Amino acid sequence: MGQIIFAVLLAAGLGFFAWNVRKVRSNILLGRDVDRSDNKKERWKTMLLVAFGQQKMFARPIPALLHFAIYAAFVITQIELIEIFVDGLSGQHRIFRSSLGGFYTFMISFIEILSVAALIATVTFLARRNLLKVPRFNMKEMNGWPKMDGNMILFMEIVLVTCIFTMNGADEAAHKQLMGSSDPYYGFTISSLISPMFEGMSLESLHTLERIGWWGHIIMVFAFLNYLPYSKHFHIVLAFPNTYYSNLEKKGRFTNMESVTNEVKLMMDPTADPFAAPPEGAPEPQRFGAKDVTDLTWKNLLDSYTCTECGRCTSSCPANLTGKLLSPRKIMMDTRDRLVEVGDNKRKHGADYDDGKSLLGDYITEEELWACTSCNACVQECPVNIDPLSIIVDLRRYLVMEESKVPSELTGMLTNIENNGAPWQFSPTDRLNWANED
Amino acid sequence: MSLVVPTMAEMMAKGEAPEYLFWVGCSGSFDDRAKKITKALVKILNETKVSFAVLGTEESCTGDPAKRAGNEFTFQMQAMMNIQVLDGYEVKKIVTACPHCFNTLKNEYPELGGNYDVIHHTQLIQELINQGKLTLKGGGTFKGKKITFHDPCYLGRANDVYEAPRALIEKLDAELVEMKRCKTNGLCCGAGGAQMFKEAEKGNKEINVERTEEALETSANIIATGCPFCNTMMTDGVKNFEKEDSVEVLDVAELIANAAEL
Ligand code: SF4
Ligand code: SF4
């Protein structure tokens, strides 16, 4: 009976997860193309350092260590999870124990110690989020769901770890009763400290307790898995592809707009016919810059799903630090929210459906965009190599080139460049005057 | 000492080609404060007999502020015009004292066909000192002074140049003190991304005030930088705290020119 329930749960859990992952993937692929297939060696290296080794987290050592404890526990627990899956499907209890012997005890003990470290980290993180009032966790964009999301996952973590220890502790106590002095202990470091608490219980209730822990654990695992695609915690998966596809160019280099290059070349070529019709079958010209998520690149969209909402970007943003509306984290959260909306609309109403809304305007305002100094602090800070600046620039490009919506002082600057080759009103003939002044 | 500033056109007329093109930039050409930085650099180039020339009236804005403001048309028009001029003179190496020009010429011109070896003036000066071409007599008038370096975003984070300017300051007879946020964590002066040319959006503080406050906390006597825009912003910040009598804002080139008694 238990095996059947488990099999159904497993199929449903994995199936629903796969369905959600496909949805996310198709959403990301709504973006424009960008080539990140070069330089594979450098990409693997970046992924290993930044995602696997969490290199950029260590700019802030204390949260980095705590976060690393949760991460390491999470990764290593997967080994125990395999065993639990086998147990669930076949009913065989702790199958690795007989074959691995002493190493098994060491391995489970190691997992247990990491789990305690993770538990401590989780409680600290909960306190930090809710009691310490770290400013970056309490900004406007974190109100409501994002705040709950952050707490929920930490809460799930606590339940999960509690289940593991209930399971192992009760199992340890039952084992002792069964085997007596011939083989008294599993000897797992932490649960052998817990098991004395269960000593007076009957074998039957110990077994029930063990099963409660077991089922509790596995249900939490499935819940967690399927919660991921709706949560900022999806970063535990997406951090890997996202860092692999990082921008490897110098941060100061903004992308070149090919479509503009073609037009400028035409304008500068005296033999070109400015009124020539575009060649037959030429693709419809793309909009300049970005108005909505579908005008961004798939990497921008992958960025948005990878964002952990940690706010490191915003807490280093000069505009945000001085009270401006701009928050690079909000740029990423808005992009994701809008992408989910656009994706759902397309699935519900067909690919051409237009809900009359757009990322620019309905989510991100002009005031936010014009506050950016393009300083790259957000890009530098992001622990998973997200680039909020490239979204900001593409939205600006749309505003300026498609809608001519430019702050008036900037219009002056642009006219000056066009007319006299400098952002100020100086005559180009005076450019060398400095050499003869003292 | 009067400055020797040959132009590319003059050089070409004589059938010569300089090693470096000195890209002066709009600030360096027109802004009164930035012109002093330009001249300090020329003094160093003259003293070390570096073969260089400027474009003079043939130079035009790189297009950086237009690109950052989102106007790719204006940027590319400027870039293509400049590339025509640069290629006409067969320019290979460019040195500039403006990190914005530096970034644009180095990173954004290649895709439009302009390929040059571009360096920032602090990198060139470092090279000259390392080669023994420039000696700092007595280390200048900096004895006992504290100098802090403000990283320009387009030199530091944008192009990973953090060491050259610091190496130069360390050659002076002064103490280099770092601000809380420095190098990769450096805080912007507030001028980048075309902000230089407009009022800031509504907020509770100006960015340059925030940054200057941090610089003043180090109790430095000199705020050094390597960008004409940063220079303007920090100078304004110092004025805001009415500290202009005790704290100077200087470009690294000016510090070196002073120390070399040029
Ligand atoms: S690049 Fe723009 S958004 Fe990012 S930190 Fe700098 S000012 Fe803020
Ligand atoms: S963009 Fe990066 S730094 Fe900013 S909140 Fe998201 S994960 Fe954190």
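Predicted model, so just to flag it, every value in this text is computed and none were measured.

Procedures and definitions
- Sequence order sets the numbering: in each chain, residues are counted from 1 along the sequence as written.
- By the order in which they are written, chains take letters starting at A while ligands take numbers starting at 1.
- Only residues with pLDDT of at least 70 are given local features in this predicted model, and only at 80 or more are side-chain atom pairs given and counted; all residues enter the totals for whole chains, interfaces and linings.
- Computation of side-chain values: all heavy atoms of the structure, hydrogens and water removed.
- Should any heavy atoms of two residues lie within 4.5 Å, those residues are counted as being in contact.
- Joining two parts hides part of their accessible area as seen by a 1.4 Å probe, and the buried area is that hidden amount summed over both.
- Here, a salt bridge means any side-chain nitrogen of Lys or Arg that lies within 4 Å of a carboxyl oxygen of Asp or Glu.
- Polar contact is defined as a pair of N or O atoms within 3.5 Å, subject to the rule that within protein one atom must be able to donate a hydrogen and the other to accept it, and that residues adjacent in sequence are counted only when both atoms are side-chain atoms.
- Strands are runs of DSSP state E lasting at least two residues, helices are runs of H or I lasting at least four, and both sets are numbered from the N terminus onward.
- Confidence of the predictor at the level of single residues is given by pLDDT, which spans 0 to 100.
- In this description, strands pair whenever DSSP reports at least two bridges between them.
- For helices, the fitted line uses only the C-alpha atoms of the stretch in contact; every axis is such a line through C-alpha atoms, and the angle between N-to-C directions lies from 0 to 180 degrees.
- Throughout this description, any angle smaller than 35 degrees is read as roughly parallel, any larger than 145 degrees as roughly antiparallel, any in the 65 to 115 degree range as roughly perpendicular, and the remainder as oblique.
- A clockwise turn of the near helix away from the far one marks a right-handed crossing, whereas an anticlockwise turn of less than a right angle marks a left-handed crossing.
- Note on residue classes: Ala, Val, Leu, Ile, Met, Phe, Trp, Tyr, Cys and Pro are nonpolar, Asp, Glu, Lys and Arg are charged, and everything else, Gly too, is polar.
- What makes a residue near a molecule or strand is one non-hydrogen atom of that residue sitting within 4 Å of it.
- A helix is expected to span 1.5 Å for every residue after the first.
- For every residue, the accessible area (1.4 Å probe, protein chains only) is compared with the maximum for its type, and the residue is labelled buried under 20%, exposed over 50%, or partly exposed between those bounds.
- Throughout, the protein atoms alone are placed on a 1 Å grid, and a set of points is a cavity if a 1.4 Å probe fits but cannot get out or a pocket if it is open with protein on both sides within 12 Å along at least five of seven lines; lining residues have an atom within 4 Å of a point.
- Grid points are joined across faces, edges and corners, and a volume is the space filled by probe spheres set on the points.
- An automatic or database domain assignment supplies the start and end points of every domain.

Visitor: Hey, could you run me through the interface of chain A and chain B in this one?
Guide: Frequently, the measure chosen for interface size is the accessible area that the parts lose on association. With 61 residues of chain A at the interface, the matching set in chain B holds 70 residues. Counting the surface lost from both chain A and chain B, the interface buries some 5,700 Å², and carbon and sulfur atoms represent 64% of this. The largest per-residue losses of area from chain A upon contact with chain B belong to Trp 424, Arg 431 and Trp 434 of chain A, which jointly make up 15% of the total buried on that side. Inspection of the region where chain A meets chain B yields five salt bridges. Of the charged contacts in the structure, one is a salt bridge between Lys 35 of chain B and Glu 437 of chain A, with a shortest N-O distance of 3.1 Å. Summed over the shared surface of chain A and chain B, the number is 32 residue pairs in polar contact (both at pLDDT 80 or more). Those elements that provide at least two residues to the side of chain A that touches chain B are α10 (258-268), α13 (318-321), α16 (366-370), α17 (377-381), α18 (388-402) and α19 (408-420) of chain A.

Visitor: Is there a simple way to think about the confidence of the model for chain A in this case?
Guide: It should be kept in mind that the predicted coordinates are not to be read in detail where pLDDT is low. Chain-level pLDDT for chain A is 91 on average; 96% of the residues reach the 70-or-more range. Mean pLDDT values for the elements of chain A range from 81 in helix α4 (residues 95-100) of chain A up to 98 in helix α11 (residues 298-306) of chain A.

Visitor: Could you clarify how one ought to interpret the sheet that holds strand β6 (residues 175-177) of chain B in this entry?
Guide: Sheet strands pair via backbone hydrogen bonds, and the direction of the pair is either parallel or antiparallel. Residues and elements named next belong to chain B. One open sheet accounts for four strands, arranged β6-β5-β7-β8; its pairing is parallel. With partners counted over all chains shown, the strands left at the sheet margins are β6 and β8 (248-251), one partner each. Averaged over neighbouring strand pairs, the angle between their axes works out to 35° when direction is ignored. In this sheet, β6 lies alongside strand β5 (residues 146-149) in parallel orientation, the contact comprising three bridges. The residue bridging Ile 147 from the neighbouring strand is Leu 176, located in β6. Those strands touched by helix α11 (residues 252-259) are β5, β7 (222-225) and β8, and its axis lies near 90° from that of β8.

Visitor: Before we go on, may I ask you to explain the packing of helix α9 (residues 235-244) of chain A against α11 of chain A in this structure?
Guide: Pairs of packed helices are described in terms of their axes, by the angle between the two and the distance that separates them. Residues and elements named next belong to chain A. Orientation of α9 relative to α11, taken along the N-to-C sense of each, is 150°, at an axis distance of 9 Å. Considering the angle they form, α9 stands roughly antiparallel to α11. Note on packing geometry: the crossing formed by α9 with α11 is left-handed. Contacts between α9 and α11 involve His 235, Leu 238, Ala 239, Pro 241 and Asn 242 from the first element and Lys 299, Leu 302, Asp 303, Tyr 305 and Thr 306 from the second. In terms of residue class, the contact of α9 with α11 is made up of five nonpolar, three polar and two charged.

Visitor: Before we go on, may I ask you to explain the site of ligand 2 in this structure?
Guide: Residue and element names in this part refer to chain A. Around ligand 2 lies a shell of 13 residues, among which Cys 307, Cys 310, Gly 311, Cys 313 and Cys 382 are the nearest. Broken down by secondary-structure element, the contributors of at least two residues to the shell around ligand 2 are α12 (312-315) and α14 (328-349). Of the residues assigned to the shell around ligand 2, the class counts are eight nonpolar, two polar and three charged.

Visitor: Would you mind going over helix α10 (residues 228-240) of chain B with me for this structure?
Guide: Helical geometry: 3.6 residues make up each α-helical turn, so side chains three or four residues apart lie on a common side. Residue and element names in this part refer to chain B. With 13 residues, α10 should cover 18 Å at 1.5 Å per step; its first-to-last C-alpha distance of 18 Å lies within 8% of that length. Those residues of α10 that sit buried are Pro 228, Phe 229, Cys 230, Asn 231, Met 233, Met 234, Gly 237 and Val 238. Glu 242, located one to two residues past α10, shows a positive phi value of around 50°.

Visitor: Is there a simple way to think about the layout of surface pockets in this case?
Guide: To find the voids left in a structure, one rolls a probe of water-molecule size over its atoms. Residue and element names in this part refer to chain A. Roughly 1,100 Å³ of volume is contained in the second largest pocket. As for the second largest pocket, its lining consists of 49 residues, of which His 67, Ile 70, His 233, His 235 and Ile 236 are closest to the centre. Of all the secondary structure elements, the ones that give two or more residues to the lining of the second largest pocket are α1 (2-28), α2 (40-52), α3 (61-90), α5 (102-130), α6 (145-179), α8 (203-227) and α9. Per-element accounting of the lining of the second largest pocket gives the leading share, 11 residues, to α3. Looking at the lining of the second largest pocket residue by residue, the classes come out as 33 nonpolar, 10 polar and six charged. There are two domains that each give the lining of the second largest pocket at least three residues, and those are domain 1 (2-20 + 59-230) and domain 2 (234-249 + 288-406).

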